Amino acid sequence: MTTGAAKMERWFGKFTFWKALLGVTIAIALYAAYVRFFHGLGASTNLSDQFPWGLWIGFDMLVGVALAAGGFVIAATVHVFRIEKYEEIARPTILTAFLGYLLVIVALLFDLGRPWNIWHPIIMWNPHSVMFEVGWCVMLYTTVLALEFSPLVFERFGWKMPLRLVQRIYTPLVIAGVLLSTMHQSSLGTLYVIAAGKLHPLWYSPWLPVYFFLTAIAGGLAMTIFESYMSFRAFGKRLEADLLQNLGRCAVVVLAVYAMWKAQDLLSRDQFATIFQVTPESVMFWGEIGLGVLLPMVLFATPRVRRNENGLFFAATLTILGLIVNRLNVAITGMSASSGTSYFPSFLEIVVTASIVGAGFTVFALAVKFFPVFPEAHAPAAAALPAAQKPEGAAAALARSRPAFGKAVLAGLWVLLIVGFVVVAATRGEGRIDTTTAEDLLDPKVAARAADLRLPEDYTFPQAESSPGPVTFSHETHVDGSQPRCATCHNGTFRLQEAGTPLRGGLTEERIHRGDLCASCHNGKDAFGIDDDNCSTCHR
Amino acid sequence: MKVGILTDLTKCVGCEACVWACKEINELPREDGAARLSGTTWTAIERHGNVNVRRQCMHCEEPACASVCPVAAFQKTPEGPVIYLPDRCMGCRYCMIGCPFGMPKYEWDKPLPLVRKCILCYETRVKNGGQPACTAACPAGATIFGERDALIREARRRIEAEPGRYVDHVYGISEAGGTSVLYLSGVPFEKLGFRVDVREDPYPKLTWDILSKLPSVISVWGVSLLGIWWITHRRDDVAEAESHGHGGSAAGPDKDRH
């Protein structure tokens, strides 16, 4: 038997910088959870009444679900279209999707105000709500993914019966998964269709559901390529190069359809000129479309890039970044201008998001160690690229340096974009919001309105036994008709409601002499004071 | 009978009686003041120049909040008020995204917050034939409660009687498909922070037009997938049968290739 330390190492591997960073991030995330659940969303996030959805919805939910789309795309490819050579990709993508949805739910528990009610849509129906539909689909699809993943668990433990059971229903399961995914991937876009006039016209469109669906497919394909590359680096396990290249080709088609659809839509809504004006929105739009759609299209479509594993990985990364920026643009950039405020996620919001991503990587790594995620036969097939395509000698050095240079330039562009976004987000709140306090806004009719004032009738307080005489209060003598401020007296003690019982606790001599009630103004400063020789001023 | 509120901004003296009456009847903390809507201020007096603008939930005829809520925590009552059922709420805040007027506010400082907005004193007053605390408290007759149709007639009568006093528009008759809360103003509404780009169609229609098509899309998509599967499946089986010589079970059961 192994010792505890060896066991730890078997499970978690060697101690590295990234693992240390992950540990720190998770520790801060636990603190964030404490702040969120004991002090509220206001204390833990930069959300506000003007900006109720931020990073946790924009990234954790919208991006999370979209990046998990590889699950249904590959499952459909293998089990419906029966292109069975993709079978070996299916397992890691389904695992990614399954983890993705679980993490989306974890993120939701942070974001929801009353997370223990998360199950309410099961019994409290509102079929008119897009969110209701999304909730149901996510619930059902997570179950489908669990079942799609379950054969690996059954195989691992050699449980034959349940394995056969799941295999029998696998095709219907996959079809159900595709239908559910079609529904909620698109519906996440539909969520924003009701935000007409709030979401910036560069993103607002009745076609949002189609856009979300197409970009999710492209993102899912890119994610499969990305994962394969990362898995090779981490576990020495990878998938066949030609399979991945074909995924790249498919991504080109999907991205092209998306770009064309978007272009004609912008044209037909007379918004095409908007993309050439220099605004924070158009900058982010170009970041998304230029660097995240058009550029990867070109890269994927170029055989030399596609056949180079770094090139393929790089194009996939761009596609994923493009998808992330798209979802953040819809959720944050596009909602900023109309909100009248500026939003940038708080430190704790970012840490929670980062640790959820980190948790995703960690659990994926553990699952790969524990379950047969990557088919054994291909594990040692490291030489995925035919030798003929490998450049040699000086040419190789050049070929190596070129992608490195390209990468540096693009990394720079992204950094610029993100810095630009931060600056814009930080400065945009100023100079915004109403010009309506301007002095020129004077309604001349208003001067006459004091005449309309119908103050309540005089009120005589019940006389106490020790009182020198009854007190009758008159609003006429207490209210400045041109500038009435009811709350001066109706501040909680003198009630506005329930005529005839204006007081809480009764009007007593003792309270008056304590400086309470009438005496809070009748103190000799704000109004004449109450003393022993002017009783008759009020007691008549 | 559909009820509503008519607020005549040319008559509002800005005394805030409505605000404090609201806080009193709903037992809301007073610290937040009266100047802007929040989780603890369900009606507010915004000062725009010398015009006082009393804001509150518009109580749409077809409310976006009720349409978007996944658990139906917002409901339009037959009388008109849009009410909130806190026990249902899971706190997704989609209502805040969906509302074209930005009325639902949140309890950001509470660990387990609720959505907050004017509920037109439905349970406490309106359901029993009373009027809301705010209109009851108004000393200037600037905000009045009544039957919505009667209020619209009254608003039009006022504009007709004193055309110089009002802009020729009753805000709320057609905005967002019509609202229970109506406004008259002496200056253009856009100068007072009112959204004038709101659609005349009800907002729920936007998403329902898409959502209601899902069953058709999904049934066609589902049949297509099944069809594709049937063809590819059959093709495989035929190929398999041929490669095995004359299996004779070309149409036989799936040999489980997973």
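Numbering of residues begins from 1 in every chain and follows the order in which that chain's sequence is written. Chains carry letters from A onward and ligands carry numbers from 1 onward, assigned in written order. Note on the predicted model: pLDDT of at least 70 is required for a residue's local features to be given, and 80 or more for side-chain atom pairs to be given and counted; whole-chain, interface and lining totals, by contrast, use all residues. Derived side-chain values reflect all non-hydrogen atoms in the structure, with water molecules and hydrogen atoms excluded from consideration.

Turning our attention to the overall build of chain A. The secondary structure content of chain A amounts to 20 helices and two strands. Only protein chains enter the accessibility calculation, which uses a 1.4 Å probe. A residue is then buried if its area is under 20% of the maximum for its type, exposed if over 50%, and partly exposed in between. The burial tally for chain A puts 49% of its 540 residues in the buried class. Any pair of residues with heavy atoms lying within 4.5 Å of one another is described as a contacting pair. Relative to all contacts within chain A whose residues are 6 or more apart in sequence, the contacts with residues 24 or more apart total 74%. Method for areas: the Shrake-Rupley scheme with a 1.4 Å probe, in which residue coverage is limited to the protein chains shown. When the accessible surface of chain A is summed, it comes to about 25800 Å², and 67% of that surface belongs to carbon and sulfur atoms. Numbering of helices and strands runs from the N terminus, with a helix taken as a DSSP run of H or I at least four residues long and a strand as a DSSP run of E at least two residues long.

Moving on: the overall build of chain B. Summing up its helical and strand segments, chain B has seven helices and nine strands in all. Here the radius of gyration uses the C-alpha set of atoms, whereas the globule reference equals 2.2 Å times the residue count to the power 0.38. Relative to the compact-globule value of 18 Å for 258 residues, chain B shows a C-alpha radius of gyration of 27 Å, a clear excess of over 25%. Overall, the C-alpha framework of chain B stretches about 95 × 45 × 35 Å when taken along its three principal axes. Residues classed as buried in chain B amount to 57% of the 258 residues present. When contacts within chain B are restricted to residue pairs at least 6 apart in sequence, those whose partners lie at least 24 apart make up 55%. Of the roughly 10400 Å² that chain B leaves accessible, carbon and sulfur atoms contribute 56%.

Below, the discussion takes up the nonpolar core. Here the nonpolar core consists of buried residues drawn from Ala, Val, Leu, Ile, Met, Phe, Trp, Tyr and Cys, with membership extended through side-chain atoms lying within 4.5 Å. Ranked by size, the top nonpolar core spans 206 residues in total, and within it Tyr-192 of chain A together with Tyr-94 and Phe-101 of chain B carry the most contacts. Split by domain, the residues of this core number at least three in each of domain 1 (11-379 + 420-426) and domain 2 (438-537) of chain A. If we skip the residues at most four places from it in the chain, Tyr-94 of chain B touches Trp-53, Val-130, Met-131, Thr-190, Leu-191, Tyr-192 and Ile-194 of chain A together with Val-68 and Thr-207 of chain B. Core analysis: the next-biggest nonpolar cluster, separate from the first, contains nine residues, Leu-6, Tyr-166, Leu-182 and Leu-184 of chain B among them. What fixes the domain bounds is an automatic or database domain assignment.

Chain A puts 87 residues into the contact, and the matching count from chain B is 92 residues. Put simply, buried area is the surface a 1.4 Å probe can reach on two separate parts but cannot reach once they are joined, added for both. Together, the buried faces of chain A and chain B total about 7700 Å²; carbon and sulfur atoms form 59% of this surface. Definition used for salt bridges: Asp or Glu carboxyl oxygen within 4 Å of a side-chain nitrogen of Lys or Arg. Our count for the chain A to chain B interface comes out at one salt bridge. Looking at the side of chain A that touches chain B, the elements with two or more residues in it are helix 2 (17-39), helix 3 (41-44), helix 6 (87-111), helix 7 (120-123), helix 8 (130-157), helix 9 (160-168) and helix 10 (170-190) of chain A. No other element matches helix 10 of chain A, which puts nine residues into the side of chain A that touches chain B. Each residue is assigned to one class: nonpolar for Ala, Val, Leu, Ile, Met, Phe, Trp, Tyr, Cys and Pro, charged for Asp, Glu, Lys and Arg, and polar for all the others, Gly among them. Counted by class, the side of chain A that touches chain B contains 46 nonpolar, 23 polar and 18 charged residues.

A separate point is a negative patch on the surface. Where like charges cluster on the molecular surface, the negative patch consists of Glu-509, Asp-531, Asp-532 and Asp-533 of chain A. Mapping Asp-532 of chain A onto the fold places it in the loop between helix 19 (509-513) and helix 20 (535-538). Each patch is built from residues that are more than 30% exposed by relative accessible area and take part in no salt bridge. Like charges join if they lie within 9 Å; nonpolar side chains (Val, Leu, Ile, Met, Phe, Trp, Tyr) join within 5 Å. Asp and Glu count as negative and Lys and Arg as positive, but His and the ends of the chain are not part of the count. Charge positions come from single atoms, namely NZ of Lys, CZ of Arg, CG of Asp or CD of Glu.

Okay, the packing of aromatic side chains next. Residues and elements named next belong to chain A. Pairs were defined over the aromatic rings of Phe, Tyr and Trp, the Trp ring being its six-membered one, requiring ring centres within 6.5 Å. Orientation was assigned from the angle between planes: stacked under 30 degrees, edge-to-face over 60, tilted for the rest. Across all of its chains, the model carries 33 aromatic pairs over all chains by this definition. Geometrically, the ring pair formed by Tyr-31 and Tyr-34 is tilted, given 6.3 Å between the ring centres and 35° between the ring planes. Of this pair, Tyr-31 and Tyr-34 both sit in helix 2, three residues apart, roughly one helical turn. By relative accessible area, which is 48% here, Tyr-31 ends up partly exposed. Ring centres of Tyr-459 and Phe-461 lie 5.0 Å apart, and the angle between their planes is 85°; this geometry places the pair in the edge-to-face category. Given the relative accessible area of 23%, Tyr-459 is considered partly exposed. Connected via pairs of aromatic rings, a cluster forms that spans Trp-203, Phe-272, Phe-276, Phe-285 and Trp-286.

It is worth spelling out the pattern of salt bridges at this point. Where charged atoms of side chains with opposite charge meet at close range, the side chains can pair. If you walk through the whole model with that rule in mind, you get 20 salt bridges over all chains. The residue Arg-269 of chain A makes a salt bridge to Asp-265 of chain A at a minimum N-O spacing of 3.0 Å. Here Asp-265 of chain A falls in the buried class, since its relative accessible area comes to 3%. In this structure, Glu-162 of chain B and Arg-165 of chain B form a salt bridge, with 3.9 Å as the shortest nitrogen-oxygen distance. Arg-165 of chain B gets classed as buried once you look at its relative accessible area, which sits at 12%. Ionic contacts of the salt-bridge type, sharing partners, join the residues Glu-510, Arg-511, Arg-514 and Asp-516 of chain A into one network.

So, about the environment of Met-96 of chain B. The residue Met-96 of chain B is located in helix 3 (residues 94-98) in this model. Judged by its relative accessible area of 4%, Met-96 of chain B falls in the buried class. Taking the C-alpha atoms as reference points, Met-96 of chain B and Arg-234 of chain B, separated by 138 residues in sequence, lie 51 Å from one another. If near-sequence neighbours (up to four positions away) are discounted, Met-96 of chain B is found in contact with Asp-49, Pro-52 and Lys-198 of chain A together with Pro-104, Lys-105, Tyr-106 and Trp-108 of chain B.

We now examine the environment of Ala-107 of chain A. Residue and element names in this part refer to chain A. Here Ala-107 lies in helix 6. The exposure class of Ala-107 is buried, given its relative accessible area of 3%. Remark: the alpha-carbon pair of Ala-107 and Glu-288, spanning 181 residues in sequence, is separated by 24 Å. Setting aside its immediate chain neighbours within four residues, Ala-107 contacts Asp-60 and Ile-356.

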